[in-house]
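Structure at a glance
Chain by chain, the residues:
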Amino acid sequence: NQHLLTLPVKLYTIPLEVSMRKIITQILSICLLFCLSSCSQKVNKNDVIEVFDALDRTLEADSGILNGTLITETENRNIIDLDVQFIQNGNLRVAANMDLTSGKNTIENYIEFYIVDGKTYLKNMDTTSQSVLENIGLSPNSKISVYNIFLDYSDDQLVSLFESSSRKGNVIQLKLNNKQLSTLLDSMGTLSISKGEITVTLNDEYIENIKLDIQGYFAYDTISSDLNIQLDCDILNINALKNIALPADLDSY
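Residues numbered from 1 in each chain as written. Predicted model: local features only at pLDDT ≥ 70, side-chain atom pairs only at ≥ 80, totals over all residues. Heavy atoms only, no water.

Here we take up the nonpolar core. Judged by nonpolar contacts, the single largest core of 19 residues is most densely connected at V48, F162, L174, V200 and I207. Secondary structure elements with two or more residues in this core: α2 (45–59), α3 (155–160), β8 (171–176), β9 (190–203), β10 (206–220) and β11 (223–236). At 5 residues, α2 tops the list of elements feeding residues into this core. When residues no more than four places from it in sequence are discounted, the contact partners of I207 are V51, A54, L55, T58, V200, T201, L202, I235 and I238. Formed by 10 residues, the second largest nonpolar core is a distinct cluster that contains A95, Y114, V116 and I244. (Core = buried A, V, L, I, M, F, W, Y, C linked by side-chain atoms within 4.5 Å. Buried < 20%, exposed > 50% of the residue type's maximum accessible area, 1.4 Å probe, protein only. Helix = DSSP H or I, 4+ residues; strand = E, 2+ residues; numbered from the N terminus. Contact = heavy atoms within 4.5 Å.)

Attention now moves to the side chain of S165. Its place among the elements puts S165 in strand β7 (residues 162–168). In this structure the side chain of S165 is engaged in a polar contact, spanning 2.8 Å, whose partner is the backbone nitrogen of N44. (Polar contact = N/O pair within 3.5 Å; in protein donor to acceptor, adjacent residues only side chain to side chain.)

Scanning the model with the defined rule gives 2 aromatic pairs in all. With centroids separated by 6.2 Å and ring planes inclined at 75 degrees, the aromatic side chains of Y121 and Y253 adopt a geometry described as edge-to-face. With Y121 in strand β5 (residues 119–124) and Y253 in the segment after β11, the pair connects residues that are 132 residues apart, well separated along the chain. For the pair formed by Y121 and Y253, the shared burial category is buried. (Phe/Tyr/Trp six-rings, centres within 6.5 Å; stacked < 30°, edge-to-face > 60°.)

For residues that are not glycine, phi is negative in most cases, and the peptide bond is trans in most cases. Phi is positive for N109, which is not a glycine, with a value near 55 degrees. With respect to the helices and strands, the residue N109 is situated in strand β4 (residues 105–116). Here N109 falls in the partly exposed class, since its relative accessible area comes to 36%. A positive phi is found at D117, a non-glycine position, where the angle reads about 55 degrees. Locating D117 in the fold gives a position in the loop between β4 and β5.

For a regular strand, side-chain orientation follows a simple rule: the groups alternate between the two sheet faces. Pairing analysis gives 8 bridges linking strand β3 (residues 93–102) to β4, with the strands arranged antiparallel. Bridge pairing in β4 places S102 opposite N105. Linking β3 back to β4 in an antiparallel pair, the connection comprises 2 residues, with G103 at a positive phi of about 65 degrees. Looking at chain direction, β4 and β5 are connected through 6 bridges and run antiparallel. Paired with E112 across the strands is K123, a residue of β5. (Pairing = 2+ DSSP bridges.)

What follows deals with the pattern of salt bridges. Within the structure shown, the criterion is met by 10 salt bridges. When the shortest N-O distance is used, the salt bridge between R57 and E205 registers 3.9 Å. Remark: E205 occurs in the loop between β9 and β10 and R57 occurs in helix α2; sequence separation between them is 148 residues. For the salt bridge of D62 with K143, the shortest nitrogen-to-oxygen distance reads 3.4 Å. (Salt bridge = Lys/Arg side-chain N within 4 Å of Asp/Glu carboxyl O.)

To continue, consider the confidence of the model for the protein. As a note on interpretation, predicted positions should not be read in detail where pLDDT is low. Residue-level pLDDT values for the protein average 82, and 77% of them are 70 or greater. In this model residues 32–40 is a low-confidence stretch, pLDDT under 50, and it forms 1 contact with partners more than four residues away in sequence or in other chains. (pLDDT = per-residue confidence, 0-100.)

Next comes the structure, spelled out in structure tokens:
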């Protein structure tokens, strides 16, 4: 009788132990999944530093071509298609062309700008002008000065600008720290960023493509509007461009 009484208990404890092991295993699996997800969302410091090092090299390149589209949306949708060729290895030469679309209106060759032989040439639709390069603070032997606002940032400060990063091969995606970005850009009113992402494609330690997607809200005095900025820019022929395309009638400007 004693054996008969204990038998059901023993039979019950076996599936109970198996069930507990399954539950514990599931809990551990869930915890591991969350840990892996958390790790994947953190910022990889090496990737951030690699992006900014590539940015410095690209800004200092001797030559190249920039083909990009900048889209801004506030009250209207504005699209700027930009094509820039530059050589800055001792004899500064630039050829820049900009098409503009605002709302339903498109103006091709809205602005054409050239630098050659120490002079600047500007064409805005049908209006042309020329001047000397020194009037815009440059000389034939100088490079185009692009101020890098991140130049004085420490590595840790650069990393703090982002809240997560991911990488697939030579493509690095960084999700911006919205609060940090809002503080950095808030110089003309109230700028609140709800989304900020940057995707960089690297090639031989230079930036080959950069995409920027920023969404938020902007207010200044009595003006306020939703803000949407998208940039997609290819950087080609880095340090390999030998000549730039110039119009034949520059002397008539």
